[in-house]
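Each chain is listed here by its residues.
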Amino acid sequence: PHIFDYQRPNASYFVFPRVKDTVPLARDSRRLASDLLERAHVAVVPGIAFGPTGEAHLRLCYARTPEEIDAACDRLEDYFAGRSAQTHVQAPAVPPAAPARPPRGRVRQAGVRSLQRLARVYLKRRRPRIVAIAGTRGKTVMKRVLTELLSAHLHMRANPLSYNTEVGLPLAVLNVSMNTRRPGSVAAAFVRALWTALVSRAPLDVLVLELGARRRGDMGEHLRIVRPDVAVVTGLEPSFSEEQQALAVLRAEIAQLCDAVHHSHGHLLLCGDDPSLETLAGDLPGVALFAKSHMRSDAGELQLNIDGTAYRVGREVVGDSSGYALEVAVRVGKILDIGDVDIEQFLAK
C-alpha cells in the first residue's frame, strides 16, 4: 500500500495499479517500467501505453505460476526499497538457531502506543483542523485535488499513504516514516516523532488524513487518536460478491466514524450515489451529499451545482472520481472559509 493504489480486478488476468506520488518516476510510467526491467528484471507495461489517463499506472500480468509471482514481488520489494536485485532462494528446512531477543509483539506494542501518545500530544498542541477521507473508491484522487485547492490558501499537509494499521495513522499525523527492518531507521523515526510532537512549531492549519478500516475495531483505534472536523466518505461498492462480509465490516466502521463526527458537531460529506451511505445520511441531520448529478453540461459548458450555486468548471473531468473530488474540494473549501472567488479560479483552471 505504500507503493500502489489499486482495485482488485473483476476478471481477466491483469491488475492496473496506480503508483503513489512518493515513488520516484511515478509520473513517468514509461521510464519506471524501463527501470524495473533493467534493475529488477521484472517486465510490466507502462500505463501511458493505454492513453493519457493511464499515466502514473503500471499494468501487471498475473497469468504466471505462484512461484514466478512470488519471485517478481520479491524483486519489486527490493527495487522500491532501494536494494539491489537479489536472487531469492528457498530457506533451508532447518534454519540456524537465532540469538535470543525480546518478544517482538511486546516491543512492537510498546512502540505503537508511544507513537499514538505522541500523535495525540501533537494534535492537542498544534490543533489543526482535520479532514478525514474514508471509503473504497477514489480516495487518492480526492486527496490530490483537495491538496491543490487548500495548499494555495492554507498551511496544510496530506500524507500520501493509506492507514489501515494502528501504527500508520500516528506516523501520518507526525509526518514520519520508518523501515521496521532497519533498527537505525526506527530509532531515527522516534527522534523525529518526539521533535514533531513536543518541539516543532511548523505552521499547520489543515491536516488531510485517509482512514482505512479493514477489520472490526480499526476505526475505533483511529478515533482514539483523531477526531475529524470534516469526514468525507466515498462509495462503498464491493469488487467481488464474496467480499460481502468484508463490506459489512467496512460499513459498520464507517457508521462509527459518521456517528462520532456527527456527535462532535463536525461536517459530514457522503457519496449520495451509494445507497447505503444515502440511507445513513437520512439518520444524521445536516449531512451533505456529493453526487454525479451535481455535475452537468449546459450549452457545452460544464457546471457544478452545489446548494443552489452553479460554478463553471473549466478543468478536465475524467471519470466519476474526478467529478466527486472537485465537488468535495469545493465543499471542504467553503467549510474552511475559502472564498467563492478563489474557488471559481480553482475550478476554471
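Residues numbered from 1 in each chain as written. Predicted model: local features only at pLDDT ≥ 70, side-chain atom pairs only at ≥ 80, totals over all residues. Heavy atoms only, no water.

K.L.:
So what's going on with the overall build of the chain? Residues and values would help.
P.N.:
Within the chain, the secondary structure is distributed over 11 helices and 14 strands. Going through the 349 residues of the chain one by one, you find that 42% of them count as buried. Restricting to contacts in the chain with at least 6 residues of sequence separation, those with at least 24 account for 67%. Here the chain displays about 19,000 Å² of accessible surface, and carbon together with sulfur accounts for 53% of that area. (Helix = DSSP H or I, 4+ residues; strand = E, 2+ residues; numbered from the N terminus. Buried < 20%, exposed > 50% of the residue type's maximum accessible area, 1.4 Å probe, protein only. Contact = heavy atoms within 4.5 Å. Areas by Shrake-Rupley, 256 points an atom, 1.4 Å probe, with all protein chains shown as cover.)

K.L.:
Could you give me a rundown of the nonpolar core, with the residues and numbers involved?
P.N.:
In a soluble, globular protein the nonpolar side chains are often hidden away together inside. Membership of the largest hydrophobic core comes to 79 residues, with the highest contact counts inside it found for L150, V232 and V332. When residues no more than four places from it in sequence are discounted, the contact partners of V332 are V131, L146, L150, V230, V232 and L269. Grouped together as the second largest cluster of nonpolar side chains are 14 residues, L32, A40, V42 and V44 included. (Core = buried A, V, L, I, M, F, W, Y, C linked by side-chain atoms within 4.5 Å.)

K.L.:
Can you lay out the pairing of strand β8 (residues 206–210) for me, pointing to particular residues and giving the numbers?
P.N.:
Burial of β8 is extensive: five of the five residues sit out of reach of the surface. What you see with β8 is no split at all: V206, V208 and E210 on one side and L207 and L209 on the other are buried throughout. Bridge count between strand β7 (residues 156–158) and β8: three bridges; the pairing is parallel. Its bridge partner lying in β8, M156 is registered against V206. (Pairing = 2+ DSSP bridges.)

K.L.:
Talk me through the pairing of strand β5 (residues 58–61); I want residue IDs and the actual numbers.
P.N.:
Alignment of strand β2 (residues 14–15) against β5, held across two bridges, turns out to be antiparallel. Within the sheet, the bridge partner assigned to F14 lies in β5 and is C61. With two bridges joining them, strand β4 (residues 45–46) and β5 adopt antiparallel strand pairing. Along β5, the bridge assignment pairs P46 with L58.

K.L.:
Let's hear about a nonpolar patch on the surface: which residues, and what values?
P.N.:
Among the surface-exposed residues, V121, L194, W195, L198 and V199 lie close enough to one another that they form a single nonpolar patch of about 460 Å² accessible area. Considering every element that reaches the nonpolar patch, the biggest residue donor is helix α6 (residues 183–198), with three residues. Structurally, W195 can be placed in helix α6. (Patch = residues over 30% accessible without salt bridge, like charges linked within 9 Å, V, L, I, M, F, W, Y side chains within 5 Å. Salt bridge = Lys/Arg side-chain N within 4 Å of Asp/Glu carboxyl O.)

K.L.:
Tell me what's going on with the sheet that holds strand β12 (residues 295–298), and back it up with residues and numbers.
P.N.:
Spatially, the three strands line up as an open sheet ordered β12-β13-β14, and their pairing is antiparallel. At either margin of the open sheet sits one strand with a lone partner, and together these are β12 and β14 (309–312). If you compare each strand with its neighbour and ignore which way they point, the axes differ by 35° on average. Pairing analysis gives four bridges linking β12 to strand β13 (residues 301–306), with the strands arranged antiparallel. For M295, the partnering residue across the bridge sits in β13 and is L304. (Axes fitted to C-alpha atoms, helices over the stretch in contact; angles between N-to-C directions.)

K.L.:
Run through the pattern of salt bridges, naming residues and quoting values.
P.N.:
Across all of its chains, the model carries 17 salt bridges by this definition. E221 is the partner of R113 in a salt bridge, and the nearest nitrogen-oxygen pair spans 3.6 Å. Separated by 108 residues along the polypeptide, R113 in helix α3 (residues 104–126) and E221 in helix α7 (residues 218–223) bring together distant segments of the chain. Using a relative accessible area of 17% as the deciding quantity, one classes E221 as buried. Measuring nitrogen to oxygen at the nearest pair gives 2.9 Å for the salt bridge that ties E148 to R315. Here E148, found in helix α4 (residues 139–150), pairs with R315, found in the loop between β14 and α10 (319–335); they are 167 residues apart in sequence, far enough to count as distant. Residue classification places R315 among the buried residues on the basis of a relative accessible area of 16%. Overlapping salt bridges bring together D5, R18, K20, D21, R27 and R144 as one network.

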